[in-house]
Amino acid sequence: MENNLKNRREFLKEMSVFAGATTFLASIPWMKAFAGSDGSAMAPSDRVRIGVVGVGDRGRALLMNMQQIENVEIIAVCDNYEPNYKRAIELTAGKAKAFYDHREMLEMKDLDGVIVATPLHEHAHVVVDFLKAGIHVFCEKSMARTLEDSKWMVDVQKETGKILQIGHQRLFNPVYLNALDRVRAGEIGQITQVRAYWHRNSNWRRAVPSPELERKINWRLYTEYSAGLMTELASHQVQVANWFLDKIPTRVMGSGSICYWNDGREVYDHVALVYDYDNGVKCLYDSMIANKHYGLEEQIQGDKGTIEPEINRIYSENPPAAPGIRQLLHSIEKGIFETIPIGGASWVPETAVPYRGQIIAPYDNNDTFLQLVGYVQAIRNGKPWKNLLREGYHATVAALLGLQAMDTNQILEWPAEYVMEKDL
Amino acid sequence: MGTRCDVVLIHPETDFSERVFVALRNEILQLEALLSRYLPESPVSQLNRLPVGEPFAPDDTLWDILQRCFDFYRLTDGVFDVTLGKLTALWKHRREGAAVTPAQIEEARNDSGFGKISWDAAARRLTKTAAVEFDFGAVGKGFALDQARFLLDKQQVKQAFISFGESSVLALGTHPAGNCWPVGIPNPLRPGEILHQFQVRDQFITSSGTVLNSDRQDGSVRSHLIDPHTGNAVAGRQLVAVKTRSAVWGEVLSTTWLVMDHSRRQLLASKLEDSELLEVVFSEEGVAEKKIINSKTE
């Protein structure tokens, strides 16, 4: 633990250097979370008290990351599923107050903020209850099951001024941030397309102890609770596309189907969509769960290069040739018959890594941890990071609009009421 | 091979060239996947991890490559040896300026040498009698270029220039504006000065040396050429470049030439059919001696 703490501090120190490394990075509002301290010199009055609502797989991961942050205390946990409820108590060594119903938490006087990681369809009313009670909220992505609910959450956030941060951890990931910095600096030229995909080969089911719990445990498979691949996976990646393009789509078209897992589920196991942007650029998206060969990626394609942030790679369209070859190409093009010098690099020792693009940034990237550090810092500041909710909101709208386009077999325009203007 | 490969194809059809390029790349990557000691799952890595005394059955490609390397080993009186992994690592990984001790050399030599491989030709299996490690660094590019040549011939590509790290080159047909590919070997101590120009047509060029290139103009020496008979790295500042009809043979020549003594060189020179060899010895001031050796020289 001691060692762990030290690592965390080192890690945050690195992050604070990184956050100020370029003008662009320093201009991202939530980078200010890392500007200054590594957390080691904090006053006891800076202590932040957190509750966690929904301690399933994701909720547990968020809780455990939260426990790694200095001067943060988990004082409440809540889950209405007994095994998760018990596990939450164990995870907090019995120190946190445990609840089955989040409404009982609203009266807790010392609660600064909560993490909401319930099934998707529960997000909206839980989040709104906390915001209205004056408690800050970190809500796991996607925001809500419906467009109306998502908008409701945003409206209540505006009304109350409390923090509502959506769990899009790539926004805090140094590899993505570095990649974006390089995109803004023109390294891959003009972005001409984003091609994103998330492929898995699994049934996406969780073990169910008894049949009546099927819909509760496997909520992701039923349309009443979940938009399936769109809200669980696509929203992460369309968020990346929007962020890198610094735009939201104008319209979306797509097709969804159940092509492999005909096991009673209701959500698509295969989706393919096109998101159009106003400058003619498209984001081509597909996701499926019956082949995992290509895994996941957001290929940011520009006229000068390509970025694959998931695997931390940047490629040039025209990697510079070795000097002798450059000269040779020139002589061929000009029809000049001249000596081709070789041996320019002949005695440079061979490297272990062949050229397959370059690493974008050599960072340890526990972005789940980093986004929670950002949340805790926002709580200390008493106000949300500018434009951060906008990213999560537009990602959710894009995912849900995409689902609607597939369900109705229509090309859908992005409705004006779901545009959140940038706060300048 | 862990090195950069540049491919220049001269062909009127871009689509066709792209297809040939993909085929070439796949061929070369496949060979790398077989021979690399940096890829942990490559057959050569497996072979290097193989315990002494345990039989290993390489696939046909690797078996043939091993057999050819063994032939070259015998032909060069043991100077060309792809089993010097431990000796090479010893010299390569020593810290700048650090000495390699006789004890270290002795230890590495105990685990080096083709003689410590026992062959079962009928079963196409081999067994190590010492903890020998293979390193195809010296010859992998040659196998790749020979294979590339084969593929280009099959596709009827007549003009191409393929370069591995600018140290091993296939020059097929001619430069579009001339009657050959004029390949120049620069003076590593004087950038811009060409020591010798080879007229290359359907041939390979490869070079090797102990003088660092002009990236570091201090004339510093690196020691990657090792005499298996002593375990010592080749001293002095020398380079050799050779033009051959077979890329593998070129690699064998260029890596063994500087290790060999005069009489062995003479023996090898008698086998230089259709080959041309440039040998340069440097002093502090510059070129001390330059020789061109070819079939006509004899």
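Throughout this description, residue numbers start from 1 for each chain and increase along the sequence as written. Chains carry letters and ligands carry numbers; both start at the beginning, A for chains and 1 for ligands, and go up in the order they are written. With pLDDT at 70 or above as the cut-off, local features in this predicted model cover only qualifying residues; side-chain atom pairs require 80 or more to be listed or tallied, and sums for whole chains, interfaces and linings still use all residues. To obtain the side-chain values, all non-hydrogen atoms of the structure were included, while hydrogens and water were left out.

**So, the packing of aromatic side chains**
Aromatic ring pairs are described here by two measures, namely the spacing of the ring centres and the angle between the planes. Centres within 6.5 Å make a pair out of two Phe, Tyr or Trp rings, where for Trp the six-membered ring is used; the pair is then stacked when the planes are under 30 degrees apart, edge-to-face when over 60, and tilted otherwise. Taken as a whole and assessed by the stated rule, the structure comprises 18 aromatic pairs over all chains. Measuring from ring centre to ring centre gives 6.0 Å for Phe114 of chain B and Trp119 of chain B, while their planes differ by 35 degrees; the resulting arrangement is tilted. A relative accessible area of 1% means that Phe114 of chain B is categorised as buried. Think of it in three bands: with a 1.4 Å probe and only protein chains considered, a residue is buried below 20% of the maximum accessible area for its type, exposed above 50%, and partly exposed in between. We classify Trp119 of chain B as partly exposed; its relative accessible area is 25%. Relative to Phe134 of chain B, the ring of Phe114 of chain B lies with its centre 6.2 Å away and its plane at 75 degrees, an arrangement referred to as edge-to-face. Of this pair, Phe114 of chain B sits in the loop between α5 (102-110) and β2 (117-120) while Phe134 of chain B sits in the loop between β3 (125-128) and α6 (140-154), and the two are 20 residues apart along the sequence. Both residues of the pair, Phe114 of chain B and Phe134 of chain B, belong to the buried class. Every member of this aromatic cluster is reached through a ring pair, and the members are Trp63, Phe70, Tyr73, Phe114, Trp119, Phe134 and Phe136 of chain B. A ring has a charge above it when a Lys NZ or an Arg CZ is no more than 6 Å from the ring centre and no more than 35 degrees off the ring normal. One cation-aromatic arrangement involves Arg220 of chain A over Trp204 of chain A; the distance from NZ or CZ to the ring centre is 4.5 Å. Working definition: helices are DSSP H or I runs of at least four residues, strands are E runs of at least two. Numbering for both runs from the N terminus.

**Looking at the sheet that holds strand β8 (residues 251-257) of chain A**
All names here are of chain A. The strand order across the open sheet built from nine strands is β15-β13-β12-β11-β7-β10-β9-β8-β16, with neighbouring strands paired in mixed fashion. Bordering the open sheet on either side are β15 (358-359) and β16 (412-413), each of which pairs with just one other strand. Between any two strands, at least two bridges found by DSSP are needed for them to pair. As defined by bridge partners, β8 adjoins strand β9 (residues 270-276) across seven bridges and the pair is classed as antiparallel. Counterpart to Met253 in the pairing with β9 is Val274. Contacts between helix α9 (residues 229-245) and the sheet are confined to β7 (191-199), β9, β10 (282-288) and β11 (296-302), with β7 contributing the most and set at about 160 degrees to the helix. Residues are treated as being in contact if the distance between any of their heavy atoms lies within 4.5 Å. The axes are straight lines fitted to the C-alpha atoms, using for helices just the contacting stretch, and the angles between their N-to-C directions are given from 0 to 180°.

**Observations regarding the packing of helix α4 (residues 85-92) of chain B against α5 of chain B**
All names here are of chain B. Put simply, α4 and α5 touch, their axes get as near as 7 Å, and they point 150 degrees apart. In terms of axis orientation, α4 runs roughly antiparallel to α5. Across the interface between the two elements, Lys86, Leu87, Leu90 and Trp91 from α4 touch Gln104, Ile105, Ala108 and Arg109 from α5. Gly is placed with the polar residues, together with every amino acid not listed as nonpolar (Ala, Val, Leu, Ile, Met, Phe, Trp, Tyr, Cys and Pro) or charged (Asp, Glu, Lys and Arg). Class assignment of the residues belonging to the contact of α4 with α5 gives a composition of five nonpolar, one polar and two charged. Should an angle lie under 35 degrees it is considered roughly parallel, over 145 roughly antiparallel, and from 65 to 115 roughly perpendicular; all remaining angles are considered oblique.

**Considering helix α11 (residues 367-381) of chain A**
Each full turn of the α-helix corresponds to 3.6 residues, which orients residues three or four apart in the same direction. Residues and elements named next belong to chain A. What a helix should span is 1.5 Å times the count of its residues minus one. For α11, built from 15 residues, the straight-helix expectation of 21 Å at 1.5 Å per residue is met to within 8% by its first-to-last C-alpha distance of 21 Å. When you tally the buried positions in α11, you get 12 out of 15 residues, the bulk of the element. For α11, the set of buried residues is Asp367, Thr368, Phe369, Leu370, Gln371, Leu372, Val373, Gly374, Tyr375, Val376, Ala378 and Ile379. Just downstream of α11 lies Gly382, where phi reads positive at about 75 degrees.

**A few points about the domain arrangement of chain B**
All names here are of chain B. Note that the domain bounds were set by an automatic or database domain assignment. Examined at the domain level, chain B breaks down into domain 1 (44-128) and domain 2 (164-294). Counting residues at the interface gives 16 residues for domain 1, matched by 18 residues for domain 2. Throughout, the accessible surface (probe 1.4 Å) given up by two parts as they are put together, summed over both, is called the buried area. Regarding the contact of domain 1 and domain 2, the summed buried area is about 1600 Å², with carbon and sulfur atoms giving 67% of it. Interface area lost by domain 1 to domain 2 is led by Leu75, Val79 and Trp91, which between them contribute 34%. The working definition used for a salt bridge is a side-chain nitrogen of Lys or Arg within 4 Å of a carboxyl oxygen of Asp or Glu. Seen at the junction of domain 1 and domain 2, the total is one salt bridge. One salt bridge in this structure joins Arg264 and Asp77, with 3.1 Å as the shortest N-O distance. Under this definition, polar contacts are N or O atom pairs within 3.5 Å; protein pairs additionally need one hydrogen-donor-capable and one acceptor-capable atom, and for neighbouring residues in sequence, both atoms have to be side-chain atoms. Summed over the shared surface of domain 1 and domain 2, the result is five residue pairs in polar contact (both at pLDDT 80 or more). Looking at the side of domain 1 that touches domain 2, the elements that each hand over two or more residues are α3 (60-75), α4 and α5.

**Examining the sheet that holds strand β10 (residues 276-282) of chain B**
If you trace the seven strands from one edge of the open sheet to the other, you get β1-β4-β5-β8-β9-β10-β11 (chain B), paired in antiparallel fashion. At either end of the open sheet lies a strand with only one pairing partner, and these are β1 (5-10) and β11 (287-294) of chain B. Ignoring strand direction, the axes of neighbouring strands in this sheet form an average angle of 10 degrees. Of the strand pairs in this sheet, strand β9 (residues 238-244) of chain B and β10 of chain B are connected by six bridges, and their pairing is antiparallel. Note on β10 of chain B: the bridge partner recorded for Gln238 of chain B is Val281 of chain B. Those strands touched by helix α10 (residues 323-334) of chain A are β1 and β4 (159-164) of chain B, and its axis lies near 10 degrees from that of β1 of chain B. Set on the sheet, α6 of chain B makes contact with β1, β4, β5 (168-172) and β8 (203-209) of chain B; between it and β5 of chain B the angle comes to about 15 degrees.

**Topic: the domain arrangement of chain A**
Splitting chain A by domain gives domain 1 (2-171 + 368-389), domain 2 (175-317 + 358-364 + 391-418) and domain 3 (323-354). Computed over C-alpha atoms, the centres of domain 2 of chain A and domain 3 of chain A are 42 Å apart.

**A short note on the pattern of salt bridges**
Residues and elements named next belong to chain A. The final tally for this structure, using the stated rule, is 36 salt bridges over all chains. Note that Asp57 and Arg206 form a salt bridge whose closest N and O atoms lie 3.4 Å from each other. Within this pair, whereas Asp57 is found in helix α3 (residues 57-66), its partner Arg206 is found in the loop between β7 and α8 (214-217), the two being separated by 149 residues in sequence. A residue is classified by how much of its surface remains accessible, and Arg206, at 29% relative accessible area, is partly exposed. Connected via shared salt-bridge partners are Arg205, Glu214, Asp263 and Arg265.

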